Amino acid sequence: MQNTGAERERILVCVSASPTNADVIRRAAALSRSIGAELIALYVEDARAHDEAQARAVHDHLNLAERRGAMLTTVYGNDPATAIAEYARVSGITKIVLGKSPGRRSLFAPKGTLMSRLNELAPDVEIIIVPNRLTEDNRRFSLKSLLRRERFSGPDLLRTALILALCTGVGFLFTGIGLAITNVVLIYILGVMAVALFSTGYVYSVLSSLLSVLVFNFFFTEPFWSLRSSPDYFATFAVMFAVALLSSSLTSRIKAQSIQTANKAYQTEVLLSTSQLLQKAEDRAAILNVMQRQLSRLLEHSVLYYDMAEGGLAPEPVLYEIERDEGFAEVDLAGEREAAVWVGQNAKHAGCATRVHSQARCLYMAIRSEGKVWAVVGIRADNAPAIDEYRKNLMISILDECALAIEKDRMTREKQRMEESARQEALRANLLRSISHDLRTPLTSISGNAAILLENLGQLDEEGRRALYASIYDDAIWLNGLVENLLTITRTENGTMKLNLQSELVSDAVEEALRHLDRNATKRTIVTELPDDLLMARMDSALIVQVLINLINNAVKYTPEGSRIVIGAGRKENMALLWVEDDGQGVPEGEEDKVFDMFYTGVKRSPDSRRGIGLGLALCRAIVQAHGGEIAMRNIRPHGARFWLTIPIAEVNEYEQ
Amino acid sequence: MSNKPMILVVEDDAAIRNLMAVTLDTQGYRYHLARNGAEALIEATTHQPDVMLLDLGLPDMEGVDIIRKVRGWTSLPIIVISARSEDADKVEALDAGADDYLTKPFSVDEMLARLRVALRRVNAEQQAPNRESALYENGSLRIDYAAGCAYMGEQEIHLTPIEYKLLCLLAKNTGKVLTHNYILKEIWGSYTASDVGSLRVFMAMLRKKLQAGDGAQPFIQTHIGIGYRMLRMDRSAEDAP
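If you're wondering where the values come from, they're calculated on a predicted model, not measured in any experiment.

**Student:** Requested: an account of the overall build of chain A, with residues and values cited.
**Tutor:** Per the secondary structure count, chain A includes 16 helices and 18 strands. The buried share of chain A, reckoned over its 657 residues, is 43%. Of all intrachain contacts in chain A linking residues separated by at least 6 positions in sequence, the fraction that spans at least 24 positions is 71%. For chain A, the exposed surface amounts to about 35,400 Å²; the carbon and sulfur share of it is 57%.

What follows is the structure, encoded as structure tokens:
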């Protein structure tokens with residue numbers, strides 16, 4: 001099929017235990033390199049038992065494919081053609097590379113060679129056949145492998161014999177009570193089906209079919225106790241053999257399919273629960289913990305992982321140990337760290353049962369996506385039964401899912417951070433705009449007044465000069481307050497405030513704040529109400545003093561001269577309560593909570609009016625909240641405003657005096 | 001040597017240096033100016049100033065190092081001036097041996113007030129160089145070290161042992177800002193964060209007892225986040241330098 005656009009070709013090569021497969025893989029790799037295509041190595045695993053040599057051959061071929069740059073994939077299915085065609089369709093494969101098919105693989109598999117069936121099932125995909133240079137070898141191998149594969153096992157033989165003996169017994173019973181001989185034939189067919197159900201391998205089907213005919217012949221046809229029989233029975237024997245063979249084949253297939261279904265269900269269940277748990281995991285560590293537990297549950301091995309930080313592997317692994325394999329107590333983890341580091345750098349398996357660092361007692365694997373290794377998993381694999389191909393696939397699925405979850409988590413965080421920084425940026429821009437206006441106004445006044453004084457010193461009377469001096473002084477003081485607030489804002493970078501918490505007397509803080517009051521305040525009556533002079537609170541004194549200064553200055557700013565301002569403190573449960581009260585006009589109804597918003601400046605004024613970017617109260621709120629307290633304001637009767645705030649009380653363990 | 005006090009001003013910023021020079025001049029002090037740490041050390045050795053006003057942000061030397069060097073040979077009062085409003089810097093300077101601090105921007109009046117406090121300490125030491133021992137007098141406050149009693153006017157003040165120890169420590173360092181750290185080390189011999197709270201309570205009690213008799217100006221000044229200071233209540237020098 002011709003590919004459109006810039007999409008890369010995807011070549012699929014089928015992996016099998018066949019000795020010619022290595023050659024096929026090499027050729028597929030060469031092809032993919034020459035046309036710049038992506039190479040995928042597909043192994044179709046079926047439910048049939050494999051002997052060790054075959055498993056090793058598959059393993060070697062998969063390794064070879066990986067070394068040649070292929071992406072490894074395994075699918076399940078009894079019929080390779082359907083499985084391959086399905087996979088090719090789903091993952092957009094454009095070419096399939098096959099070795100020359102060795103022929104039909106089982107007695108009752110769907111008809112046709114793999115190639116012709118693939119042609120039928122996936123007509124869009126180009127199929128490339130690698131000529132088989134090892135045909136002779138292959139054929140011999142096939143025979144040998146058949147014998148090896150269908151090895152007779154003691155228990156299965158015993159079971160076969162027992163079932164046939166039982167059938168014979170029942171047969172005698174039937175003939176004894178005078179039932180027709182045809183019933184006995186049915187009993188044997190039933191027996192053959194039972195054999196197929198309780199044993200593995202087609203050889204038992206054939207064997208039991210043959211034996212049942214012979215036994216039937218021996219015991220139940222005339223002449224009894226002899227293999228000789230009248231030609232009348234030959235047809236019966238033939239039909240009986242055929243029916244027995246057929247039904248046992250069918251039974252084997254049903255059994256194989258049910259095993260496969262069960263496996264698939266288990267796999268689905270494990271993957272589903274893993275992905276559910278991964279969804280719920282809140283951060284990277286939680287994701288890795290879920291992965292660790294699920295892997296340990298699945299494999300029944302102890303599992304550890306090293307997280308990957310900026311500089312490489314985390315210094316210490318996180319362990320999850322189970323009793324079955326005695327955990328990691330006697331494993332030299334520090335010594336095996338090298339293997340984990342290698343995995344982190346190369347994103348490939350290493351350790352126990354691999355070629356790299358094979359002396360290690362754990363198998364190390366990378367959790368990776370998009371070429372980046374997120375973590376390295378280690379599985380204790382030296383003292384437990386080897387992990388079968390099926391579990392290995394599940395394990396890889398879990399690792400893949402874990403990698404996806406980590407990446408998703410990372411991207412979510414990245415997005416949050418960007419949103420946060422965008423928000424900060426907007427705030428900063430807003431702040432800068434307001435500040436430049438608020439700085440310029442008093443600076444204009446200062447420089448203007450100073451210029452007048454410089455140039456017209458002689459022409460101004462005492463009173464006029466004094467007014468200008470006072471104005472310069474007030475503006476300078478006001479600027480200093482603004483700078484003080486701005487400095488504090490820089491401390492609140494990223495929404496967090498570093499507090500230097502100490503137990504301080506509340507009265508000390510109030511006194512300190514009053515010492516910093518600006519001169520305008522002297523035109524108001526300021527009263528303190530501090531009944532408990534031993535009231536202590538946990539505070540960053542510089543910040544709380546600043547809060548009080550801002551509140552008092554605010555009261556001064558919004559009240560006419562001659563007003564009364566009360567500063568008080570008291571205890572409210574386990575909080576220290578501080579308040580600043582004035583008898584001015586208060587704030588408009590319904591705006592009590594808005595006054596703490598940034599850039600709120602009281603009654604709407606013309607944009608050019610001077611002073612007040614509404615920074616002070618917003619800062620007060622930030623500081624009080626950082627202390628774990630609250631701040632609020634209410635209008636009071638008959639008129640005026642009351643600001644109050646709470647901060648946690650400090651309990652002092654009194655010294656013995 | 002003239003009887004006018006000599007002030008050494010160490011400040012790298014010309015405008016501030018000028019402001020301070022003009023202020024000192026109008027108030028009848030003699031002064032020397034130094035622009036950096038090296039000059040400061042030379043001036044301090046050659047002119048033997050009565051008080052040193054030291055800016056902490058000098059181009060060539062850390063202010064704290066200058067304090068340590070100066071403290072090597074003289075106990076002249078050092079008032080540090082810092083643009084940084086961080087308490088830690090002030091505490092560091094005080095612990096290194098500075099007597100007092102000013103935070104920029106400061107008012108001229110405030111600077112003069114601090115100078116007076118420092119000079120009063122110098123005067124008190126010069127008048128009674130050897131009377132270290134038996135009796136301490138400061139305004140209406142009197143401590144009889146031998147008897148272990150403190151009096152406000154004629155009235156004895158009833159103090160707990162720790163309060164008495166605190167009072168003596170402050171009295172012996174009258175005019176000097178003592179950091180929490182220093183006080184804790186002197187009185188309790190150790191420093192833990194939880195002690196700071198207790199110290200606040202003891203000081204509050206002590207202040208209350210000292211104020212009960214008089215009412216007007218408190219003897220002990222609180223410097224929140226930094227420490228405490230005993231002020232000298234010299235009636236004659238209350239208003240003028």
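**Student:** How would you summarise the environment of Phe198(A) if you had to cite specific residues and measurements?
**Tutor:** Residue and element names in this part refer to chain A. Take Phe 198: it is sitting in helix α7 (residues 181–198). Sequence separation between Phe 198 and Ser 252 is 54 residues, and the spatial gap between their C-alpha atoms is 9.2 Å. Contact partners of Phe 198, with chain neighbours within four places excluded, come to Asp 156, Arg 159 and Ile 163.

**Student:** If you had to explain the nonpolar core to someone new, which residues and values would you point to?
**Tutor:** By size, the foremost hydrophobic cluster in this structure holds 46 residues, and its most contacted members are Val506(A), Leu551(A), Ala576(A), Leu578(A), Phe643(A), Leu645(A) and Ile647(A). Looking at this core element by element, the count peaks at 10 residues for helix α15 (residues 541–557) of chain A. Residues within four places of Leu578(A) in sequence aside, it is in contact with Val506(A), Val510(A), Leu548(A), Gly568(A), Ala569(A), Phe643(A), Trp644(A), Leu645(A) and Ile647(A). Core analysis: the second largest hydrophobic core is formed by 33 residues, Leu199(B), Phe202(B), Met203(B) and Met233(B) among them.

**Student:** Which residues make up the interface of chain A and chain B, and what are the values?
**Tutor:** Each side of the interface is counted separately: chain A has 24 residues, and chain B has 23 residues. Overall, the association of chain A and chain B removes approximately 2,000 Å² of surface from exposure, summing both partners, and the carbon and sulfur fraction of that is 56%. At the surface where chain A touches chain B, the tally comes to two salt bridges. With a shortest N-O distance of 2.7 Å, Arg200(B) and Glu504(A) are connected by a salt bridge. Among the secondary structure elements, those contributing two or more residues to the side of chain A that touches chain B are α13 (462–491), β12 (502–505), α14 (506–515) and α15 of chain A.

**Student:** Hey, could you go over the sheet that holds strand β13 (residues 525–529) of chain A for me, with residue numbers and the actual values?
**Tutor:** Strand pairing within a sheet occurs via backbone hydrogen bonds; the two strands may be parallel or antiparallel. Residues and elements named next belong to chain A. What the five strands build is an open sheet, ordered β13-β15-β16-β18-β17; its pairing is mixed. Each edge of the open sheet carries a strand with a single partner, namely β13 and β17 (631–635). Sheet twist, expressed as the average angle between the axes of neighbouring strands with direction ignored, equals 15°. Bridge analysis of strand β15 (residues 564–572) against strand β16 (residues 575–582) gives eight bridges, and the strand direction is antiparallel. Within β16, the position partnered with Gly 568 by the bridge is Trp 579.

**Student:** Break down a positive patch on the surface for me, citing the residues and quoting the values.
**Tutor:** On the surface, Arg26(A), Arg33(A), Arg67(A), Arg68(A) and Arg355(A) cluster together into a patch of positive charge. Tracing the backbone shows Arg26(A) in helix α1 (residues 21–35).

**Student:** Tell me about the packing of helix α8 (residues 202–220) of chain A against helix α9 (residues 232–280) of chain A, and name the residues and values.
**Tutor:** Residue and element names in this part refer to chain A. In the contact formed by α8 and α9, the axes pass within 9 Å of each other and the chain directions differ by 150°. One finds that α8 runs roughly antiparallel with respect to α9. For the element pair α8 and α9, the recorded crossing hand is right-handed. Contacts between α8 and α9 involve Tyr 202, Ser 205, Val 206, Ser 209, Leu 210, Ser 212, Val 213, Phe 216 and Asn 217 on the former and, on the latter, Phe 237, Met 240, Phe 241, Ala 244, Leu 245, Ser 248, Ser 252 and Arg 253. Classifying every residue of the contact of α8 with α9 gives 10 nonpolar, six polar and one charged.

**Student:** Give a description of the sheet that holds strand β10 (residues 177–179) of chain B that names residues and reports values.
**Tutor:** Residues and elements named next belong to chain B. Reading across from one edge, β10-β12-β11 is the order of the three strands in this open sheet, with antiparallel pairing throughout. The open sheet terminates on both sides in strands that have one partner only, identified here as β10 and β11 (220–223). The sheet shows a mean angle of 25° between the axes of neighbouring strands, direction not considered. Summarising the sheet, β11 and strand β12 (residues 227–230) pair through four bridges and their orientation is antiparallel. Each bridged residue has a counterpart across the sheet, and for His 223 the counterpart in β12 is Gly 227. Relative to β12, helix α6 (residues 161–172) is tilted by about 70°, and along the sheet it contacts β10, β11 and β12.

**Student:** Run through a nonpolar patch on the surface, naming residues and quoting values.
**Tutor:** Residue and element names in this part refer to chain A. Together, Leu 210, Leu 211, Leu 214 and Leu 227 line one region of the surface with nonpolar side chains, adding up to about 330 Å² of accessible area. Considering the arrangement of structural elements, one finds Leu 210 in helix α8. Owing to a relative accessible area of 44%, Leu 210 belongs among the partly exposed residues under this scheme.

**Student:** So what about the side chain of Thr23(B)? Which residues, and what values?
**Tutor:** Along the chain, the position of Thr23(B) falls in helix α1 (residues 14–26). The contact partners of Thr23(B), leaving out residues within four places of it in the chain, are Val108(B), Met111(B) and Leu112(B).

**Student:** Tell me about the packing of aromatic side chains, residues and numbers included.
**Tutor:** This model, assessed by the stated rule, comprises 11 aromatic pairs over all chains. Summarising the aromatic geometry, the rings of Phe172(A) and Phe219(A) are spaced 5.6 Å apart at their centres and angled 70° between planes, so their arrangement reads as edge-to-face. Taken together, the residues Phe172(A) in helix α6 (residues 154–176) and Phe219(A) in helix α8 connect sequence positions 47 residues apart. Given the relative accessible area of 19%, Phe219(A) is considered buried. Clustering of aromatic rings is evident, with ring pairs tying together Phe172(A), Tyr188(A), Phe216(A), Phe218(A), Phe219(A), Phe220(A), Phe234(A) and Phe237(A). The aromatic ring of Tyr101(B) is capped on one face by Arg114(B), whose charged end is 5.8 Å from the ring centroid.

**Student:** Kindly report on helix α3 (residues 80–90) of chain A, identifying the contributing residues and their values.
**Tutor:** Regarding α3(A), the residues found buried are Pro80(A), Ala81(A), Ala83(A), Ile84(A), Ala85(A), Tyr87(A) and Ala88(A). At the C-terminal side of α3(A), Gly92(A) shows a positive phi close to 65°.

**Student:** Please provide a residue-by-residue account of the pairing of strand β11 (residues 372–380) of chain A, values included.
**Tutor:** Residue and element names in this part refer to chain A. Across the nine residues that make up β11, a large majority, eight, are buried. The pairing of strand β6 (residues 303–309) with β11 spans five bridges and is classified as antiparallel. Pairing of Leu 304 across the sheet is with Gly 378, part of β11. The sheet contact formed by strand β10 (residues 362–369) and β11 spans eight bridges and is antiparallel. Pairing of Leu 363 across the sheet is with Ile 379, part of β11. Counting the residues between successive antiparallel strands, the hairpin from β10 to β11 contains two residues, one of them, Glu 370, with a positive phi of roughly 50°.

**Student:** Lay out the environment of Arg524(A) in plain terms, naming residues and giving numbers.
**Tutor:** Residues and elements named next belong to chain A. Its location among the elements puts Arg 524 in the loop between α14 and β13. Sequence separation of Arg 524 and Ala 555 is 31 residues, and the distance between their C-alpha atoms is 9.7 Å. Those residues within four positions of Arg 524 in sequence are excluded, and the remaining contacts are Val 556, Thr 559, Pro 560, Glu 561, Gly 562, Ser 563 and Ile 565. Within the structure, the side chain of Arg 524 is placed 2.7 Å from the backbone oxygen of Thr 559, a separation counted as a polar contact. From its side chain, Arg 524 meets the backbone oxygen of Pro 560 in a polar contact 3.3 Å long.

**Student:** Can you lay out the pairing of strand β2 (residues 30–34) of chain B for me, pointing to particular residues and giving the numbers?
**Tutor:** Residue and element names in this part refer to chain B. Alignment of strand β1 (residues 6–10) against β2, held across five bridges, turns out to be parallel. Pairing of Leu 8 across the sheet is with His 32, part of β2. Handedness of the crossover joining β1 and β2 through α1: right-handed.

**Student:** Requested: an account of the pattern of salt bridges, with residues and values cited.
**Tutor:** Under the counting rule described, the total for this entry stands at 24 salt bridges over all chains. The partner of Glu126(A) in a salt bridge is Lys95(A), and the shortest N-O contact between them spans 3.6 Å. Residue Glu126(A) is found in strand β5 (residues 126–130), and its partner Lys95(A) is found in strand β4 (residues 95–99); the two are separated by 31 residues along the sequence. Residue classification places Lys95(A) among the buried residues on the basis of a relative accessible area of 11%. Here Lys104(B) ties to Glu11(B) by a salt bridge, and the two come within 3.5 Å at their closest N and O atoms. Here Lys104(B) is found in the loop between β5 (100–103) and α5 (108–127), whereas its partner Glu11(B) is found in the loop between β1 and α1, with 93 residues between them in sequence. For Glu11(B), a relative accessible area of 0% corresponds to the buried category. Through salt bridges with shared partners, a single ionic network connects Asp100(B), Glu110(B), Arg114(B) and Arg229(B).

Parameters and conventions
- Just so you know, the residues in each chain are numbered from 1, in the order the chain's sequence is written.
- Here the convention is simple: chains get letters from A, ligands get numbers from 1, in the order in which they are written.
- Selection of residues for local features in this predicted model requires a pLDDT of at least 70, selection of side-chain atom pairs for listing and counting requires 80 or more, and totals for whole chains, interfaces and linings are taken over all residues.
- The basis for the side-chain values is all heavy atoms of the structure; hydrogens and waters are excluded.
- Secondary structure elements follow DSSP: runs of H or I of four or more residues count as helices, runs of E of two or more count as strands, with numbering from the N terminus.
- Think of it in three bands: residues with accessible area under 20% of the maximum for their type are buried, residues over 50% are exposed, and the middle band is partly exposed, with areas taken using a 1.4 Å probe on protein chains only.
- For this analysis, residues touch if any pair of their heavy atoms sits within 4.5 Å.
- In these tables, accessible area is a Shrake-Rupley quantity obtained with a 1.4 Å probe, and a residue counts as shielded only by the protein chains included in the view.
- Residue types Ala, Val, Leu, Ile, Met, Phe, Trp, Tyr and Cys, when buried and joined through side-chain atoms within 4.5 Å, form a set referred to as a nonpolar core.
- By convention, the term buried area covers the 1.4 Å-probe accessible surface removed from two parts as they join, with the contributions of both added.
- Put simply, a salt bridge is a Lys or Arg side-chain nitrogen that is within 4 Å of an Asp or Glu carboxyl oxygen.
- In this description, strands pair whenever DSSP reports at least two bridges between them.
- Here the axes come from fitting lines to C-alpha atoms, over the contacting stretch only for helices, and the angles between their N-to-C directions go from 0 to 180 degrees.
- To count toward a patch, a residue needs a relative accessible area over 30% and no salt bridge; like charges are then connected within 9 Å, while nonpolar side chains (Val, Leu, Ile, Met, Phe, Trp, Tyr) are connected within 5 Å.
- Charged residues are defined narrowly, with Lys and Arg counted positive, Asp and Glu counted negative, and His plus the chain ends left uncounted.
- Working definition for charges: the position is that of NZ of Lys, CZ of Arg, CG of Asp or CD of Glu.
- For this classification, under 35 degrees means roughly parallel, over 145 means roughly antiparallel, 65 to 115 means roughly perpendicular, and everything else is oblique.
- The sense of a crossing depends on the near helix, which, turned anticlockwise from the far helix by less than a right angle, makes the crossing left-handed and, turned clockwise, makes it right-handed.
- Residues are grouped as follows: Ala, Val, Leu, Ile, Met, Phe, Trp, Tyr, Cys and Pro are nonpolar; Asp, Glu, Lys and Arg are charged; all remaining types, including Gly, are polar.
- Only centres within 6.5 Å qualify two rings of Phe, Tyr or Trp (six-membered ring in Trp) as a pair; their planes then separate them into stacked at under 30 degrees, edge-to-face at over 60, and tilted for everything else.
- Remark: a charge is flagged as sitting over a ring if the NZ atom of Lys or the CZ atom of Arg is within 6 Å of the ring centre and within 35 degrees of the ring normal.
- Under this definition, polar contacts are N or O atom pairs within 3.5 Å; protein pairs additionally need one hydrogen-donor-capable and one acceptor-capable atom, and for neighbouring residues in sequence, both atoms have to be side-chain atoms.
- The crossover handedness rule: strands pointing away from the viewer, path from first strand over the helix to second strand clockwise, crossover right-handed.

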